[in-house]
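Residue-level structure breakdown
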Amino acid sequence: MMSNLLTHMVEITSHRDHTLLDLSVLSALQELVGASEIRTLEIFRFRNELFMRQRVSTRPGQRFPVDDDTDLDHSGEPVSHFPALLACIEKHKAYCKTVTPDGTHMLWFLIWINDKVNTCVEFTNTAPYSRQSRKVIDGILRVYNNYQNLLDYSERDSLTGLLNRKTFDEKFSRMVATMPHSESPKPEDQQDEQDRRHHADGKEQWLGVVDIDHFKRVNDQFGHLYGDEVLILVANLLRSSFRMQDRIFRFGGEEFVILLRSTTLNEARKIFERFRGNIEQHEFPQVGRVTVSVGFASIANDTPVVILGHADQALYYAKANGRNQVCYYDELVQQGLLHSEISNETAEFFFD
């Protein structure tokens, strides 16, 4: 068993991705202690209530990772459905167990990061675990907890706690690479392609770029400490304005990027407008009112550089034409407010 344990430890600590780490840990636990099912669950708060949502599940001989880019319901399952687990979280315990009315033994281990629980490892079994098995579980999950903290630290911006630029580059490139691509339209067919895109009822992925208006003025007038506080509060409003399945990144300075998952154009516009309105209505301490400009574009049939360029061009147009507004790239092109010239697969963009 010791040899297997060491082999699994090497495997676990070789990963630089949360999903692969989850799969490796659950595979190790399944082999070493067994269970009817083991799951990693994401724990999150929505409207002052705790929810949990499955990330990875494993059964004997089977593994079920959840696709990071699927259309996930934001709500998940209320933790209140499991009173023993809820009490464990509220008391800041490391683990708890219970037996369901049908005799199933449930064991939950909580993963705490920066004094907040973000992951729960759930064991479902027909019999209770021995003391020795619980020691093995506890040891593996301590390594998992420490390593997840290291991964989380490397992926996040130190000031706001949002995902950082490096993480965006990795996730966005992977997301675009795995999307189904149709044959690129010829230049003369682009207008028809845009018309079809505007009238499609299907859900798409979207990329939005956010910039705080006149942020340099905030730093110059109130100092960098208040500027940092504005950035932190904007990050908090980003978290509360977008859905759990969306991903939010700080690019640096006063610029943020959002990957908006599986939604229609109208819904995407409403979500970005809701965030813009939340910022406009918020009273920032000492600074007062702050606004943001947003540019967004569809993630479809282009390279990451081109897609980000489209969203950036929409953002620049918003800032050059009044700020405090949300602009959609394809719409600006259709209206003749933005132009693109395509030659030999190279695009150049400018606005009037």
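This text follows the structure it describes.
Now for a description of the structure that goes with this document. Keep in mind the model is a prediction, meaning the values are calculated, not measured. (Residues numbered from 1 in each chain as written. Predicted model: local features only at pLDDT ≥ 70, side-chain atom pairs only at ≥ 80, totals over all residues. Heavy atoms only, no water.)

1. A short note on the pattern of salt bridges
- Here the structure, examined in full by the defined rule, presents 17 salt bridges.
- With a shortest N-O distance of 2.8 Å, Arg55 and Asp22 are connected by a salt bridge. Of the two residues, Arg55 is situated in strand β2 (residues 49–59) and Asp22 in helix α2 (residues 18–32); the sequence distance between them amounts to 33 residues.
- Residue Arg39 is joined to Glu122 by a salt bridge in which the shortest nitrogen-to-oxygen separation is 2.8 Å. Here Arg39 is found in strand β1 (residues 37–46), whereas its partner Glu122 is found in strand β7 (residues 116–125), with 83 residues between them in sequence.
- Residue class for Arg39 comes out buried when judged on its relative accessible area of 16%. (Salt bridge = Lys/Arg side-chain N within 4 Å of Asp/Glu carboxyl O. Helix = DSSP H or I, 4+ residues; strand = E, 2+ residues; numbered from the N terminus. Buried < 20%, exposed > 50% of the residue type's maximum accessible area, 1.4 Å probe, protein only.)

2. Some details on the nonpolar core
- Counting 32 residues, the largest nonpolar core has Ile212, Val234, Leu238, Phe242, Phe275 and Phe284 as its most contacted members.
- Elements that contribute at least two residues to this core include exactly β8 (204–212), α7 (215–222), α8 (224–241), β10 (255–263), α9 (265–281), β11 (292–298) and β12 (326–328).
- For Phe284, the residues in contact, after removing those within four places along its chain, are Val230, Leu233, Val234, Leu237, Ile279 and Val290. (Core = buried A, V, L, I, M, F, W, Y, C linked by side-chain atoms within 4.5 Å. Contact = heavy atoms within 4.5 Å.)

3. Details of helix α4 (residues 131–155)
- An ideal rise of 1.5 Å per residue puts 36 Å on 25 residues; α4 measures up with 36 Å between its terminal C-alpha atoms.
- Taken residue by residue, α4 has Ser133, Val136, Ile137, Ile140, Leu141, Tyr144, Asn145, Tyr147, Gln148, Leu151, Asp152 and Glu155 as its buried positions. (Expected span 1.5 Å × (residues − 1).)

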